[in-house]
Amino acid sequence: MPTEKKHIETILEHFKKDVTLNDAAIKRITSVLVFKNLKKKEFLIEPGNISNNMNFIVKGCMRSFYRDEMAQEHTLQLGIEEWWINDLYSYLSRKKSRMYVQALEETLIIQIPRIELEKIYFEYPEFSNFFRKKIQSAYVAVQERVIDSMSDDAYERYDNFRKSYRDIEQRVPQYIIASYLGVTPEFLSYLRKKHS
């Protein structure tokens, strides 16, 4: 169907930003793509699951978060169109997830099953290179975030969020942005008013 073909073109163009793909590589990766629709607030991954797919957001908005022992939510990652979202800890370690990955809007993702992707890495190393770069970038982003959370004040974290996630801020509820920044929704509201 034409829409599916358009979405496949989107992910292929995304790959081509970082690696060169020949026709055989395109045919091989295309053969394993799985489309999944998620309703608003539906979970893709929950604690106790093992993450078995790489997940590319075609349309929509998602987040990953965990709940602490007080049932407080801590948002770790946000994602929109043409971003990848996952519990990389579970995916890479093959251990049960401790996180939730949830759609914040009606969302369409393209999944690449891990078992197929592992085979493709050997057949077409360009995909291995692509995902190595993505995982390295994710690691750097997590490390930056940890350091920023320990060294920046709340407003600096909010300001950095606005600069980094300009396209996301209007699509995500304030309480989720607050949990991403490690502040209460009330304090985030205060920061917004003070610095508007």
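Residues numbered from 1 in each chain as written. Predicted model: local features only at pLDDT ≥ 70, side-chain atom pairs only at ≥ 80, totals over all residues. Heavy atoms only, no water.

Student: Tell me what's going on with the sheet that holds strand S3 (residues 53–59), and back it up with residues and numbers.
Tutor: Remark on secondary structure: sheet strands pair via backbone hydrogen bonds, oriented parallel or antiparallel. One open sheet holds the four strands; their spatial order is S1-S8-S3-S6, and the pairing between them is antiparallel. Two strands bound the open sheet, and with one partner strand each, they are strand S1 (34–38) and strand S6 (84–85). Sheet topology places S1 next to strand S8 (residues 107–113); five bridges connect them, and they run antiparallel. From the neighbouring strand, Asn 37 faces S8, where its bridge partner is Leu 108. The strands touched by helix H4 (residues 114–123) are S3 and S8; relative to S8, the strand with the most contacts, the crossing angle is about 55°. (Pairing = 2+ DSSP bridges. Helix = DSSP H or I, 4+ residues; strand = E, 2+ residues; numbered from the N terminus. Contact = heavy atoms within 4.5 Å. Axes fitted to C-alpha atoms, helices over the stretch in contact; angles between N-to-C directions.)

Student: I'd love a proper account of the nonpolar core, names of residues and values included.
Tutor: Counting 26 residues, the largest nonpolar core has Phe 15, Ile 29, Trp 84, Ile 112, Leu 117, Phe 127 and Phe 131 as its most contacted members. For this core, the secondary structure elements donating two or more residues are helix H1 (2–16), helix H2 (23–30), S3, S8, H4 and helix H5 (125–151). Take this core: its biggest share by element is four residues, from H1. If we ignore the near neighbours within four places in the chain, the residues touching Phe 131 are Phe 15, Met 54, Trp 84, Ile 112, Leu 117 and Tyr 121. (Core = buried A, V, L, I, M, F, W, Y, C linked by side-chain atoms within 4.5 Å. Buried < 20%, exposed > 50% of the residue type's maximum accessible area, 1.4 Å probe, protein only.)

Student: Summarise the sheet that holds strand S2 (residues 43–45); cite the residues concerned and give the values.
Tutor: Strand order in this open sheet of four strands is S2-S7-S4-S5, and the pairing throughout is antiparallel. Both edges of this open sheet fall to S2 and strand S5 (73–79), since each of them pairs with a single strand only. The mean inter-strand angle of the sheet, taken between neighbouring strand axes irrespective of direction, is 30°. Pairing geometry for strand S4 (residues 62–67) and S5, over six bridges, is antiparallel. Counterpart to Arg 67 in the pairing with S5 is Glu 73.

Student: Could you give an account of the packing of aromatic side chains, naming the residues involved and the relevant values?
Tutor: Enumeration over the complete set of coordinates arrives at 18 aromatic pairs. With centroids separated by 5.5 Å and ring planes inclined at 80°, the aromatic side chains of Tyr 165 and Tyr 180 adopt a geometry described as edge-to-face. Of the two residues, Tyr 165 sits in the loop between helix H6 (154–164) and helix H7 (174–181) while Tyr 180 sits in helix H7, which places them 15 residues apart along the sequence. Given the relative accessible area of 15%, Tyr 165 is considered buried. Assessed through its relative accessible area of 11%, Tyr 180 is described here as buried. Among the aromatic side chains, those forming a connected cluster through ring pairs are Phe 15, Phe 56, Trp 84, Tyr 121, Phe 127, Phe 130 and Phe 131. Lying over the aromatic face of Phe 65, Arg 63 brings its terminal NZ or CZ to 3.7 Å of the ring centre. The ring of Tyr 91 has Arg 114 lying over it, and the distance from NZ or CZ to the ring centre is 5.5 Å. (Phe/Tyr/Trp six-rings, centres within 6.5 Å; stacked < 30°, edge-to-face > 60°. Lys NZ or Arg CZ within 6 Å of the ring centre and 35° of its normal.)

Worth remembering: the numbers are spatial, not functional.
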